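Examination of the molecular architecture
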Amino acid sequence: MVRIRLQRLGRRNRSCFRIVVADARKKRQGEYLEKVGQYDPVEKDSAKQFKVDAERVKHWLGQGAQLSEAVAVLLRKQGVDLGATSPAPAPAPAPASAAAPQPAPAAQ
């Protein structure tokens, strides 16, 4: 399975990340198929903090790639529109009172 995930770079206490498309079986620091963005949580300027090629992300999602949880949160926070290619959120569970069966009326 192909995943869009973070690859850690930088030094101790000064990490930055690449957003990469990689085989899920590869190591975090291992080889990847394509770099689609970068994320630097220490950067003060929000314009430089997060950069992503949304078209390439959409392309890979269309090919069956899965977003890691961290990348999905970052994309949502930045307002990147992934359209119909992003996985649909899980439906909310029904309330317990609505799921309980109604008692049958007493027969006379």
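So, here is what we can say about the structure in this document. All values derive from a computational prediction rather than experimental measurement.

**With respect to the sheet that holds strand 5 (residues 66–67)**
- Across the sheet, five strands lie side by side as 4-3-2-1-5; this open sheet has mixed pairing. A single partner strand is all that each edge strand has here, and the edge strands are strand 4 (50–52) and strand 5.
- Taken together, the ten bridges between strand 1 (residues 2–11) and strand 2 (residues 14–23) define a ladder with antiparallel strand orientation. Following the sheet pairing, valine 2 is matched in strand 2 by aspartate 23.
- Packing against the sheet, helix 3 (residues 69–78) makes contact with strand 1, strand 2, strand 3 (34–39), strand 4 and strand 5, and its axis sits at approximately 85° to strand 1.

**Some details on helix 2 (residues 54–62)**
- Within the span of helix 2, buried status applies to Val57, Trp60 and Leu61. Buried residues in helix 2, looked at end-on, bunch into an arc of 100°, giving them a common side. For helix 2, exposure combined with an orientation more than 90 degrees from the buried face picks out Glu55 and Gly62.
- For helix 2, the secondary structure elements touched by its buried residues are strand 1, strand 2, strand 3, strand 4, strand 5 and helix 3.
- In the stretch just after helix 2, glycine 64 is the one whose phi turns positive, near 105°.

**Examining the pairing of strand 1**
- Between strand 1 and strand 2, which pair antiparallel and follow one another directly, the connecting turn spans two residues, one of which, asparagine 13, has a positive phi of 65°.
- As paired strands, strand 1 and strand 5 are joined by two bridges and run parallel to one another. The partner of arginine 3 across the bridge, within strand 5, is glutamine 66.

Rules used in this analysis
Sequence positions are assigned chain by chain, starting from 1 and proceeding in written order. Two thresholds apply to this predicted model, a pLDDT of at least 70 for residue-level local features and 80 or more for giving and counting side-chain atom pairs, whereas whole-chain, interface and lining totals are computed over all residues. Think of the side-chain values as coming from all heavy atoms in the structure, minus any hydrogens and water. At least two DSSP bridges between two strands are needed for those strands to be called paired. Put simply, DSSP H or I for four residues or longer makes a helix, DSSP E for two residues or longer makes a strand, and each gets a number counted from the N terminus. Any pair of residues with heavy atoms lying within 4.5 Å of one another is described as a contacting pair. Axes here mean lines fitted to C-alpha atoms, for a helix over just the part in contact, with angles spanning 0 to 180 degrees between N-to-C directions. Note on classification: 1.4 Å probe, protein chains only; a residue is buried when its accessible area is under 20% of the maximum for its type, exposed when over 50%, partly exposed between these limits. The directions from the helix axis to the C-beta atoms are what the arc is built from.

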